[in-house]
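Observations on the model geometry
The lines below spell out each chain.
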Amino acid sequence: MNHEKCLDKIKSNAANLVVVAALYIGYAFFEVSLLYDSVILFILGLVILKWKSRVASFAAFIFGVVSIYFLISSSNSDGIRFLAAGAIVWSGALSTYFTVKLPKFKAGESGI
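Let us look at the structure shown here.

Focus on the overall build of the protein chain
In terms of regular secondary structure, the protein chain is built from four helices and zero strands. When its helices and strands are written in sequence order, the protein chain yields α-α-α-α. Taken along its principal axes, the extent of the C-alpha atoms in the protein chain is 55 × 20 × 20 Å. Out of the 112 residues in the protein chain, the part that is buried amounts to 35%. Surface accessibility of the protein chain: about 6,900 Å² in total, with carbon and sulfur atoms responsible for 70%. Across the protein chain, the 10 positively charged side chains and the 6 negatively charged ones have centroids separated by 11 Å.

A look at a nonpolar patch on the surface
On the surface, a cluster of nonpolar side chains totalling about 680 Å² of accessible area is made up of Ile 25, Val 32, Leu 35, Val 39, Phe 42, Ile 43, Leu 46 and Leu 49. Per-element tally for the nonpolar patch: the top contributor is helix α2 (residues 34-51), with six residues. With respect to the helices and strands, Leu 35 occurs in helix α2. Residue classification places Leu 35 among the partly exposed positions, given a relative accessible area of 41%.

Considerations on the nonpolar core
Generally speaking, soluble globular proteins have nonpolar side chains that are buried together. Core analysis: the biggest nonpolar cluster contains 23 residues, and Leu 17, Val 20, Tyr 24, Leu 41, Ile 48 and Ile 88 have the highest contact counts within it. When residues of this core are traced back to their parent elements, those giving at least two are α1 (3-27), α2, α3 (54-73) and α4 (79-101). Among all residues touching Leu 17, those that are not within four sequence positions of it are Leu 41, Gly 45, Ile 48, Ala 60, Ile 88 and Ser 91.

Section: α1
Helical periodicity: at 3.6 residues per turn, an α-helix aligns residues three or four positions apart in one direction. With 25 residues, α1 ought to run about 36 Å at 1.5 Å a step, and its terminal C-alpha atoms sit 37 Å apart, in line with that. All of the buried residues in α1 are His 3, Cys 6, Leu 7, Ile 10, Asn 13, Ala 14, Leu 17, Val 20, Ala 21, Tyr 24 and Tyr 27.

Reading the values: the criteria
Counting restarts for each chain, with residues numbered from 1 along the sequence as it is written. Reporting of local features is limited, given that this is a predicted model, to residues whose pLDDT is at least 70; pairs of side-chain atoms are given and counted only at 80 or more, and all residues count toward the totals for whole chains, interfaces and linings. Each side-chain value is worked out from all heavy atoms of the structure, with water and hydrogens disregarded. A helix here means a DSSP run of H or I that spans at least four residues, while a strand means a run of E at least two residues long, and both kinds are numbered starting from the N terminus. The classification of residues rests on relative accessible area computed with a 1.4 Å probe and restricted to protein chains. Under 20% of the type maximum is buried, over 50% is exposed, and intermediate values are partly exposed. Residue exposure ignores everything except the shown protein chains as possible cover, and the areas themselves are Shrake-Rupley values with a 1.4 Å probe. Positive charge is attributed to Lys and Arg, negative charge to Asp and Glu, and no charge count is given to His or to the chain ends. Charge coordinates come from a single atom per side chain, which is NZ of Lys, CZ of Arg, CG of Asp or CD of Glu. Two joining distances apply to patches: 9 Å for like charges and 5 Å for nonpolar side chains (Val, Leu, Ile, Met, Phe, Trp, Tyr), and every residue must have over 30% relative accessible area and no salt bridge. Each reported salt bridge corresponds to a side-chain nitrogen of Lys or Arg within 4 Å of a carboxyl oxygen of Asp or Glu. Residues belong to one nonpolar core when they are buried, are Ala, Val, Leu, Ile, Met, Phe, Trp, Tyr or Cys, and are joined through side-chain atoms within 4.5 Å. Only heavy atoms matter for contacts: two residues are in contact if any of them lie within 4.5 Å across the pair. Under the convention used throughout, the expected extent of a helix is 1.5 Å for every residue step, that is, one less than its residue count.

Shown next, in the form of structure tokens:
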């Protein structure tokens, strides 16, 4: 897979995390604890978007898995939050895959 395709996939999955963060901000009007989740997702999305970070991508994946775990054990969860948590897992997994697969350039080569 070439460099441009990997970058495009990473950017789209990071944008998905920012969209889920915006959805969580909407839910934060009803449940204030989601405000922290939305801030964390927004920061992870921006870090992935700017630096193509493998660590931030994996952290987003783990964040989604833990979020689904807590939603399953919670009694006040609904379908939209399950969908959002699934989107976090999906975007985190794909961004992790594409950041690992992203071809790295040696010193002196152009990365653009």
